[in-house]
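For reference, the chains in residue letters:
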Amino acid sequence: MSANCPAAAVVVLAAGEGTRMKSSTPKVLHEICGRSLVGHVVAAARELDPRELVVVVGHGRELVTAHLAQADPAARTAVQEQQNGTGHAVRMGLEALGGGGRVDGTVIVVCGDTPLLTGETLRSLATTHTTDGNAVTVLTAEVPDATGYGRIVRDEATGAVTAIVEHKDASDVQRAIREINSGVFAFDGQLLADALGKVRTDNSQGEEYLTDVLGILREAGHRVGASVAGDHREIAGINNRVQLAEARRSLNDRLLTEAMLSGVTVVDPATTFIDVTVTFEPDALVHPGTQLLGATHLAAGAEVGPNSRLRDTRVGAGARVDNTVAEGAEVGEQATVGPYAYLRPGTQLGVKAKAGTYVEMKNAVIGDGTKVPHLTYVGDATIGEQSNIGAASVFVNYDGEAKHRTTIGSHCKTGSDNMFVAPVTVGDGAYTAAGSVITKDVPPGSLAVARGQQRNIEGWVARKRPGSAAAKAAQAAVAEPDSES
């Protein structure tokens, strides 16, 4: 096995029911920072470049299997029909790989509910396992408070692990130990297969415990070692919504720290949330109250927030996005968006374009330098370069059955309170008058006026609203010229 492939196989245990989550969603499918719990674990395991990766499913197997088919199509799944313990789950996983459940090389076993686990830590575990010549290597961590955890007991002379003692069974001396078992292991694949065949079920739960393998191998004269995680938070498993929130906070802090160290300014990390798939370029600036989700990318000098939520959105260099919700949009270089704008999927803003206050766009292509300043809906439209769309305009794209497209050319000036009833085209350099309902194509360089003629009915207020404040004001205004004569 090459140095670049420290693991022959990774087995991810994801069959548990997770009753403490109190959810119809399988525990491992709950999400933090843009990935499911099991998705985070699989991503970390993939950093080892294993020859095989198998996820053992059980509770909610259809949902978990369907999710994995999207998240990691190359991952295999194995079914644990009954929850007969962790040893049984690993055996099911290895059998799914063929060869009678025997793997030549290192087998890493991880839990599907440990989203903070990193590929770096797994690689260190695999390296320690190989370097020390262990039959099994336990990933451990030193924690501030080890209450409730299994303690790692070592041989003082060799550092080998001699026992994992559960808290309830530990002596006072053992309870003072702060090194705990994470439930993550590296095994010699051949020895693991042999030992799993010897695991007994004569315990209070009647289950096959994976930890029994350690004792079996140790009694056979093999060495059991340990690799200590650099950050004890990495091994934290998720069992309830409180722990889910704590893990989200920890992972979010990690992601923001990486972003800031790479040259991004995050004004207030406490109120900024990002997904693992978000990318940045140096000198991007993120204001408080901002969520960056999915495949969002901020280019150099881009400025987002405050109070913005962007999903799968690309923000160009030097662009400014303020108090905005955007999904599946593309904001061009030096463009400005907001405040209080909504960019829906398919929106593309050109260089120095503008989607201003209370503007909503959907499936709209806006040319370089074009401005849609305020109070406007642009749906299913293409607007050329250097045009200006008047306030309170609506691109009327839906006829009740189908969507239609509006095209407005370059260097156009459209009036306020316009309705563009699609399909319709406004040619280059054309103008439209305020209050117009545009239902026909406008030739280039034309002025379109589509509104009724104004008609003033004099004396209407006095006749229809006699004695009203309006009538009195009108009467005074009419009489005023006479009083000056």
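The structure we're discussing is the one just above.
In this report, the structure presented in the accompanying data block is examined.

Definitions and cut-offs
Residues numbered from 1 in each chain as written. Predicted model: local features only at pLDDT ≥ 70, side-chain atom pairs only at ≥ 80, totals over all residues. Heavy atoms only, no water. Helix = DSSP H or I, 4+ residues; strand = E, 2+ residues; numbered from the N terminus. Rg over C-alpha atoms; globule rule 2.2 N^0.38 Å. Buried < 20%, exposed > 50% of the residue type's maximum accessible area, 1.4 Å probe, protein only. Contact = heavy atoms within 4.5 Å. Areas by Shrake-Rupley, 256 points an atom, 1.4 Å probe, with all protein chains shown as cover. Lys, Arg positive; Asp, Glu negative; His and termini not counted. Charge placed at Lys NZ, Arg CZ, Asp CG, Glu CD. Patch = residues over 30% accessible without salt bridge, like charges linked within 9 Å, V, L, I, M, F, W, Y side chains within 5 Å. Salt bridge = Lys/Arg side-chain N within 4 Å of Asp/Glu carboxyl O. Pairing = 2+ DSSP bridges. Phe/Tyr/Trp six-rings, centres within 6.5 Å; stacked < 30°, edge-to-face > 60°. Lys NZ or Arg CZ within 6 Å of the ring centre and 35° of its normal. Axes fitted to C-alpha atoms, helices over the stretch in contact; angles between N-to-C directions. Parallel < 35°, antiparallel > 145°, perpendicular 65-115°, else oblique. Nonpolar A, V, L, I, M, F, W, Y, C, P; charged D, E, K, R; others polar.

## So, the overall build of the chain
Then step 1. Looking only at helices and strands, the chain has 10 helices and 37 strands in total.
Then step 2. Taken over C-alpha atoms, the radius of gyration comes to 33 Å for the chain, far larger than the 23 Å a tight globule of 485 residues would show.
Then step 3. If you line up the chain on its principal axes, its C-alpha atoms span 120 × 45 × 40 Å.
Then step 4. Burial status across the chain gives 46% buried among its 485 residues.
Then step 5. A sequence separation of at least 24 residues applies to 40% of the contacts in the chain between residues at least 6 apart.
Then step 6. When the accessible surface of the chain is summed, it comes to about 23000 Å², and 49% of that surface belongs to carbon and sulfur atoms.
Then step 7. Put simply, the chain has 44 plus and 56 minus side-chain charges, and the middle of one group is 6 Å from the middle of the other.

## Focus on a nonpolar patch on the surface
Then step 1. Judged by side-chain polarity, Tyr340, Tyr358 and Leu375 come together as a nonpolar surface patch covering roughly 360 Å² of accessible area.
Then step 2. Along the chain, the position of leucine 375 falls in strand 28 (residues 371-383).

## Brief notes about the pairing of strand 28
Then step 1. Across 10 bridges, strand 27 (residues 354-366) lies against strand 28 in parallel orientation. Its bridge partner lying in strand 28, alanine 364 is registered against alanine 381.
Then step 2. Judged from the 3 bridges that link them, strand 28 and strand 31 (residues 406-408) form a sheet pairing that is parallel. Following the sheet pairing, threonine 382 is matched in strand 31 by threonine 407.

## Describing the packing of aromatic side chains
Then step 1. Applying the stated rule across the entire model yields 3 aromatic pairs.
Then step 2. An angle of 15° between the planes, with centres 5.4 Å apart, marks the rings of tyrosine 340 and tyrosine 358 as stacked. With tyrosine 340 in the loop between strand 24 (336-337) and strand 25 (341-343) and tyrosine 358 in strand 27, this residue pair connects regions lying 18 residues apart in the sequence.
Then step 3. Exposure remark for tyrosine 358: the relative accessible area of 52% places this residue in the exposed category.
Then step 4. Lying over the aromatic face of tyrosine 398, lysine 403 brings its terminal NZ or CZ to 5.5 Å of the ring centre.

## Describing helix 3 (residues 86-96)
Then step 1. Buried within helix 3 are the following residues: Gly87, His88, Ala89, Val90, Met92, Gly93 and Leu94.
Then step 2. Directly after helix 3, the chain includes glycine 98, whose backbone phi takes a positive value near 80°.

## Examining the packing of helix 6 (residues 189-196) against helix 7 (residues 212-219)
Then step 1. Running from N to C, helix 6 and helix 7 point in directions that differ by 105°, and their axes come no closer than 10 Å. Here helix 7 runs roughly perpendicular to helix 6, going by the angle between their axes. Contact residues: helix 6 offers Leu191, Leu192, Ala195 and Leu196, while helix 7 offers Val213, Ile216 and Leu217.
Then step 2. Residue composition of the contact of helix 6 with helix 7, by class: 7 nonpolar, no polar and no charged.

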